[in-house]
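Here is how the chains run, residue by residue.
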Amino acid sequence: MATDAETEFQSRNAERREKYHEADAVVVGAGIFGCAIAFALANQGRSVILLERWMHEPDRIVGELLQPGGMNALRKLGLEKCLEGIDAIPCYGYHVLYHKEDVVFPYPVVDDDGKVQTDRPAHASSSGSTTTSENGDTKALPPSRRPEGRSFHHGRFIGQLRRACGAHPNITLFETEVTATIRGEHTETVLGVETRTTDKETSEKRPDYFFGKLTIIADGYASKFRKEYIGQTPIVRSKFYALELIDCPFSPQGYGHVVIGKAFPVLMYQIGTHETRALIDVPEKLPAASPQNGGVRGYITNVVVPTLPEHVRPCVLAALADGKIPKSMPNSWLPPARQGQHAGVILAGDAYNMRHPLTGGGMTVAFNDAVLLAALLHPDRVPHLDDAPRVRAAMADFHWRRKSLTSIINVLAQALYALFAAQDRQLSALQRGCFRYFQLGITDEPVGMMGGLIRRPLVLAYHFFSVAFLAIWVNGVDVCGGSLLGLWRLPIAILDAVLILWKACVVFLPVVWIELR
C-alpha cells in the first residue's frame, strides 16, 4: 500500500503528465520494448509518458513466439500476467523436419550459471523426449521440469501489455503520432518530441508536444528516427509470408516446427487453440515467386506445399483459398550500434537491433534489454535521467553487457538462416551436417542458446565449428562412398573439406565480428 505522501506525489506527477505533458521519461512506441521499459521505469518510481500512434490491437505476423529466456525476463519485469487470458500455447522446444527425416528437441534445464543439467528423465531419448505411436506418428513426451516458451496472437499480447501500463499509477498513455524530436535552442540535447494528435470530436490533427528528461524511442522495424540517431539501415534479403492455418494437425504438438526441403525454410507454430501460424521465407527476386510463375501464391502452391507433410497440406491450401496475397514482413538484419553521442535520447527495440526471425528471438532480446537498461538507469545509479554523462556511461555498459545474450541470439539467427536456406554445395553440406548433429542428440546447448537460456558466446562458436567438422566428415563419406574403392575420390573430399570450412568461416565470422565490435 502506498503512503499518503507517495499517493500525493504520484497524483502531482500524473497532473504534470496529463496537463503539461512533462515526465521523467517519454517512451515512443507502445510495442514490446516500449511497454516493457515504461513499466520497468515506472516501477522504480519514475514518471513515464508512453506514446503510441495507433492504440487499436495490432495485426502483425511476427512477435508471436516468446522463448523461455524471454519468459524469465517477463517475470523479472512483473508482466507475466500479460500471458493470461490470450489463449497462449506452451512451447517446449523445436521439431526440425529435414527432407522427411525429423528430430525433436526440448529446451534443456539450465542452472543459474547457464550450464545444462544433464540428468534427463528416464523416458527421454538422446535426440529429445519423443516416442512413436502405433501408427508411426512422432509424439513429444511430457517435458518434465524443462523450461517453456509461449506462442500467441501478437495483438492480444500487446493489448495486455498496454493495459498493464495504463493501469500503472506512474504511466500515462497518449494516442498520438510522433513526428520529430525537440532540441533546445542552444544545445543539441533532445528535450522531448513533437507529435500530431487527432481531435476526437473534429477528427482534425493538431500539433502537440511532450517533454521528458530522457526520450526512449522504440518505434519498431520501420523507425523514422533510426537514420538520424544511429545512422544505420537494416539489411533485408527476404520476407516472411504468413498464413493462419485452422485446426492444423502437425505433431508433435507444443513445439515450433522448422521444415527444410526443396523450398526455403518454413516455420510453423501454434498461436491459439485452433490457429497455427505458418511463416514462409521468400527471398527477394526469387524466380519461383515471379509473376510468370504465379507470384508468391504460385511459389507456395507449387514449391512449398509439396515439401510439407501430407496431413498439413490441406490446411495450407485452405488458407490460400481466399485468393489474396498472404501478409508479409521483411526479414531484417540490423546489428547493434553504440549510443550515447546524442544527449537526451536512446533508441531501443527493433529500431535499434534486429535479426532474422527464423529462431523467434526478437521478443526475448527486447524483454532482456528492458531488464538490463532499467537496471543500468536505476535511480541508485542515475538519480536524474537528464544527467547526460551518467546516462552515457549507462549506455556504454548496456552496449557490452547485453552481448552475452543478444550476440548469441543474433548470430544464431543469421547463421542458421544461411544454412537452412542453403543455395550452394558447401552450404548444403553444412546443412546436412547440422541436421546430423541434431540426430546425434547434441541438442541441449544449441536449443538452450536459441531459447535465450545460455549466455556464453564461446559455446556458440564451439557448436558451430563442431557442425562444420561433422559436415566435412559426412560429405567425405558421401564422396568416397565409405569403401576402399572410393579412395581415388579422396582429393575431391579434401578440396571439399577446405571449401566447406571456408564457407563456415564466411557465414559465421563476419556476423560475429559485427556483433561483438
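Everything quoted here is computed from the prediction, not taken from an experiment.

Conventions and cut-offs
- Residues numbered from 1 in each chain as written.
- Predicted model: local features only at pLDDT ≥ 70, side-chain atom pairs only at ≥ 80, totals over all residues.
- Heavy atoms only, no water.
- Helix = DSSP H or I, 4+ residues; strand = E, 2+ residues; numbered from the N terminus.
- Rg over C-alpha atoms; globule rule 2.2 N^0.38 Å.
- Contact = heavy atoms within 4.5 Å.
- Lys, Arg positive; Asp, Glu negative; His and termini not counted.
- Charge placed at Lys NZ, Arg CZ, Asp CG, Glu CD.
- Pairing = 2+ DSSP bridges.
- UniProt positions renumbered as here; feature names shortened; annotations may be inferred.
- pLDDT = per-residue confidence, 0-100.
- Salt bridge = Lys/Arg side-chain N within 4 Å of Asp/Glu carboxyl O.
- Phe/Tyr/Trp six-rings, centres within 6.5 Å; stacked < 30°, edge-to-face > 60°.
- Buried < 20%, exposed > 50% of the residue type's maximum accessible area, 1.4 Å probe, protein only.
- Lys NZ or Arg CZ within 6 Å of the ring centre and 35° of its normal.
- Polar contact = N/O pair within 3.5 Å; in protein donor to acceptor, adjacent residues only side chain to side chain.
- Axes fitted to C-alpha atoms, helices over the stretch in contact; angles between N-to-C directions.
- Disulfide = S-S within 2.5 Å.
- Parallel < 35°, antiparallel > 145°, perpendicular 65-115°, else oblique.
- Left-handed = near helix turned anticlockwise from the far one by under 90°.
- Nonpolar A, V, L, I, M, F, W, Y, C, P; charged D, E, K, R; others polar.

### Quick notes on the overall build of the protein chain
Looking only at helices and strands, the protein chain has 14 helices and 19 strands in total. The C-alpha radius of gyration computed for the protein chain amounts to 24 Å, which stays within 12% of the reference 24 Å derived for 517 residues, consistent with globular compactness. Reported as C-alpha extents along the three principal axes, the dimensions of the protein chain are approximately 85 × 50 × 50 Å. Contacts spanning at least 24 positions in sequence make up 73% of the contacts within the protein chain whose residues lie at least 6 apart. Distance between charge centroids for the protein chain: 5 Å, based on 54 positive and 53 negative side chains.

### A short note on the sheet that holds strand 9 (residues 149-151)
Neighbouring strands of a sheet are bound in pairs by backbone hydrogen bonds; such pairs are parallel or else antiparallel. Pairing within the open sheet is antiparallel, and its 3 strands lie in the order 3-9-4. The open sheet has two free edges, formed respectively by strand 3 (65-66) and strand 4 (89-91), since each of these has just one partner strand. Two elements, strand 4 and strand 9, share 3 bridges in a ladder whose sense is antiparallel. In the sheet register, Cys91 faces strand 9, and the bridge partner there is Gly149.

### Comments concerning the UniProt feature "domain: Squalene epoxidase" (unreviewed entry) in the protein chain
When the UniProt feature table is mapped onto this chain, "domain: Squalene epoxidase" (unreviewed entry) is found at residues 212-475. Helix makes up 41% of residues 212-475 and strand 18%, and the two end C-alpha atoms of the span are 59 Å apart.

### So, the confidence of the model for the protein chain
Taken over all residues, the pLDDT of the protein chain has a mean of 92, while the share at 70 or more is 94%. Across residues 121-143, where pLDDT falls below 50, the model places 43 contacts with residues more than four positions away in sequence or in other chains.

### Observations regarding the pattern of salt bridges
Close approach of charged atoms allows side chains of opposite charge to pair. Considering all chains together, one arrives at 21 salt bridges under this definition. Of the charged contacts in the structure, one is a salt bridge between Glu22 and Arg16, with a shortest N-O distance of 3.8 Å. Here the residues in one salt-bridge network are Glu177, Arg196, Lys205 and Lys224, joined through shared partners.

### Side note on the packing of aromatic side chains
Enumeration according to the criterion identifies 11 aromatic pairs in this entry. Judged by centre distance (4.9 Å) and plane angle (45°), the ring pair of Phe105 and Phe438 falls under tilted. Of the two residues, Phe105 sits in strand 6 (residues 101-106) while Phe438 sits in helix 11 (residues 425-439), which places them 333 residues apart along the sequence. This pair shows no difference in class: Phe105 is buried, exactly as Phe438 is. The rings of Phe152, Phe157 and Phe367 are connected pair by pair, giving a single aromatic cluster. Here the basic side chain of Lys403 rests over the ring of Trp400, its NZ or CZ set 5.7 Å away from the ring centre.

### Quick word on the side chain of Ser151
By the element assignment, Ser151 lies in strand 9. A distance of 2.4 Å separates the side chain of Ser151 from the backbone oxygen of Gln270, its partner in a polar contact. If sequence neighbours within four positions are ignored, Ser151 has contacts with Glu64, Leu65, Ala88, Ile89, Tyr269, Gln270 and Ile271.

### A look at the sheet that holds strand 16 (residues 266-270)
Taking strand neighbours across the sheet as the criterion, the 7 strands line up as 6-5-15-16-17-14-18 in an open arrangement whose pairing is mixed. Each of the sheet's edge strands pairs with one partner strand only, and the pair in question is strand 6 and strand 18 (327-333). Strand-to-strand, the axes of this sheet are offset by a mean angle of 20°, without reference to chain direction. Both strand 5 (residues 93-98) and strand 15 (residues 255-260) contribute to a ladder of 6 bridges, which runs parallel. Residue pairing for strand 15: Tyr94 is matched across the bridge by Gly256. Sheet strands touched by helix 6 (residues 295-304): strand 14 (235-246), strand 16 and strand 17 (275-283). Its angle to strand 17, the strand with the most contacts, is close to 105°.

### Some thoughts on the UniProt feature "transmembrane region" (unreviewed entry) in the protein chain
As recorded in UniProt, the feature "transmembrane region" (unreviewed entry) lies at residues 25-43, 458-476 and 488-514. Annotation note: span residues 458-476, helix share 100%, strand share 0%, distance between end C-alpha atoms 27 Å. Spanning residues 488-514, this segment combines 93% helix with 0% strand, and its end C-alpha atoms are found 41 Å apart.

### Points about the state of the cysteines
Evaluated as defined, the whole model comprises 0 disulfides. Free cysteine Cys505: the closest other cysteine sulfur is in Cys434, separated by 16 Å. The partly exposed category is assigned to Cys505, whose relative accessible area is 22%.

### Considerations on the side chain of Thr172
Topologically, Thr172 is positioned in strand 10 (residues 171-175). In this structure Thr172 comes out as buried when scored by relative accessible area, which is 9%.

### Thoughts on the pairing of strand 11 (residues 177-183)
Inspection of the sheet shows strand 11 paired to strand 12 (residues 190-198) by 6 bridges, in the antiparallel sense. In the sheet register, Val178 faces strand 12, and the bridge partner there is Thr195. Remark: 6 residues form the turn of the hairpin made by strand 11 and strand 12, two consecutive strands paired antiparallel.

### Examining helix 6
Working note: α-helix, 3.6 residues per turn, so residues spaced by three or four point in the same direction. Within helix 6, the full set of buried residues consists of Gly295, Val296, Gly298, Tyr299, Ile300 and Val304. If you follow the buried residues of helix 6, they end up packed against strand 14, strand 16, strand 17 and helix 7 (313-319).

### Details of the packing of helix 8 (residues 362-376) against helix 9 (residues 388-401)
Their axes nearest at 10 Å, the elements helix 8 and helix 9 cross at an angle of 150°. When the axes of helix 8 and helix 9 are compared, the pair comes out roughly antiparallel. Note on packing geometry: the crossing formed by helix 8 with helix 9 is right-handed. Between helix 8, through Asp369, Leu372, Leu373 and Leu376, and helix 9, the contact on the second element is made entirely by Ala394, Met395, Asp397, Phe398 and Arg401. Looking at the contact of helix 8 with helix 9 residue by residue, the class counts come to 6 nonpolar, no polar and 3 charged.

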